[in-house]
Amino acid sequence: MSHVVVVGAGMAGLIAGYAAIKAGHSVTVVEATSQPGGAVQSQVLETSEGLIGIDAGAEAYASRSAVMDELLEDLGLADEIVTPHPAESWLYLPDVGAVPAPRLGMWGIPGDPQAKEVVAALGTEAAARAAQDLETPMDAWAKRRAAGEPITVGDLVADRFGPVVVERLVAPVVSGVHSADPYDVDIDKIAPGLVDKAIEHGSVAKAIATLRAAAPPGAAVKSLRGGMQEFATALVAYVQAHGQLHFDTKAVALDIDSGTVFTETGQLFHGDHVVLAVAAPTAHDLISTVTPVAQRPVLPQRPEFGAGVALVMMAVDLEALDAHPRGTGILVSPNVVDVAAKAATHVTAKWEWARASATKLNKHRHVVRLSYGRVTDPSDGSAPGYDTSDEDLRELAYNDLAKLFDVPKQQVLENVAAIASVRWREAMPLTTPQNAQRLAAIQDAVEAIDGLHATGAWFAGTGLAAIAQHALALRFNPLQ
């Protein structure tokens, strides 16, 4: 039986530890902070009538893969899995304002360029340009695919549908979900199989319509009653019951020959295998300490963190929101100037358990979560986001909730029951091509060192399903 030391108790580290224990290994997980779960955290909104607990980080997982469902079932959480309200989502666009998002689409790419909601968002001229995808041959893209050339979301959509579709439909989704520019995101990373299916059908829109028709019925995402924090709590309990979990224990160096993890507090942890379940910049720092020096790989420049995001969660008592005027939420175009948020989730419209919790306190109580930190923001912290003070974030949130949901600001101010904010940075990889090359170099270095592994959002991709699949795929075979 091997001993596995996992550095990091975010979701990837907890899942890797769980998987190693299930495979019969002994496990030690070390976490630099006092809080497990990484980007899966909860926030309690304190109102005069009582408490409302909601997700302050990842709120759901993609249901296209069975990995998460199987994992949750094994942890005894199958009966707690829930799906969101089927109401449509919305977009907030320059000049147009709030409009329904395309009902048939993928990452904002329309599956029916002639649908009324697509025409409303684009205008008749841009919609006519988008419809050209239905008739224009895919020959050029077939050649690029055959040559193995990378294909970004922005390049493909701009060519097939026109740049207005990128700006108005795709950018709000990609920047809102991935904090990335569509022209920096590889299409295969977020929509695997789409390009090949488009070549087969001679149209990206036709491919999307086909893929959506073939998808299993049901919601595209799922969550847990009470929030995704229940998942993290169950993993922590499992690791603590069957292994060891140390908090406030920061790893600072690695000795590969002895499999030793050195910590800032002077503790040493020895393992046959070491898993780096940390952000890539931290993995870079640890790999740069590897001893003996002869085994230390030469790494390129340290990967960069993205600018980070800030979330503002607000409980408000507004009868105007009872009708769910923006469905389950709204994504904001990066080119909008009258709203600072990049997205807003109407939490109590999206999740029944949240609605029940809120309306138990007040029948018109709603919880809205606004996200700040656009991909187009300058890196100097001058734009609203990670570096913005709590006071300024709250003022922005009041303005943006009023604008996005078409409610007078004074009504918002007079009916706020609770407000809180949280910031995220390490869980948001920078998605530039240069950073991608640095990540690839770290992965190559890890693979070249026996007994060393790396996992997490920086290496697996965004989303709990991708993280879980990557962490569960780790294998701790006996070392040669």
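The rules behind the values
Residues numbered from 1 in each chain as written. Predicted model: local features only at pLDDT ≥ 70, side-chain atom pairs only at ≥ 80, totals over all residues. Heavy atoms only, no water. Axes fitted to C-alpha atoms, helices over the stretch in contact; angles between N-to-C directions. Helix = DSSP H or I, 4+ residues; strand = E, 2+ residues; numbered from the N terminus. Parallel < 35°, antiparallel > 145°, perpendicular 65-115°, else oblique. Contact = heavy atoms within 4.5 Å. Nonpolar A, V, L, I, M, F, W, Y, C, P; charged D, E, K, R; others polar. Left-handed = near helix turned anticlockwise from the far one by under 90°. Buried < 20%, exposed > 50% of the residue type's maximum accessible area, 1.4 Å probe, protein only. Pairing = 2+ DSSP bridges.

A. The packing of helix 2 (residues 67-74) against helix 19 (residues 464-472), seen in detail. Contact geometry of helix 2 with helix 19 gives a least axis separation of 9 Å together with a crossing angle of 75°. Comparing their axes, helix 19 and helix 2 come out roughly perpendicular. Judged by residue contacts, V67, M68 and L71 of helix 2 engage L464, A465, A468, Q469 and L472 from helix 19. Partitioning the contact of helix 2 with helix 19 into residue classes produces seven nonpolar, one polar and no charged.

B. The packing of helix 9 (residues 194-201) against helix 10 (residues 204-214), seen in detail. As a packed pair, helix 9 and helix 10 sit with axes 8 Å apart at the nearest point and diverge in direction by 110°. Judged on the interaxial angle alone, helix 10 and helix 9 are roughly perpendicular. Where helix 9 crosses over helix 10, the two elements pack in a sense that is right-handed. Contacts between helix 9 and helix 10 involve L194, K197, A198 and H201 from the former and V204, K206, A207, I208, T210 and L211 from the latter. Taken together, the residues of the contact of helix 9 with helix 10 sort by class into six nonpolar, two polar and two charged.

C. Looking closely at the pairing of strand 20 (residues 365-372). Summarising burial for strand 20: eight of the eight residues are buried, a large majority. A two-sided burial pattern is seen for strand 20, the buried positions comprising R365, V367, R369 and S371 on one face and H366, V368, L370 and Y372 on the other. Where strand 19 (residues 343-346) meets strand 20, four bridges bridge the pair, whose relative direction is antiparallel. Each residue of the ladder has a partner; that of A344, found in strand 20, is L370.

D. Local environment of the pairing of strand 4 (residues 50-55). In this structure, strand 3 (residues 42-47) lies alongside strand 4, joined through six bridges in antiparallel fashion. Across the sheet, the residue bridging to L45 is I52, located in strand 4. Where strand 3 hands over to strand 4, the hairpin turn is made up of two residues, counted between the paired strands.

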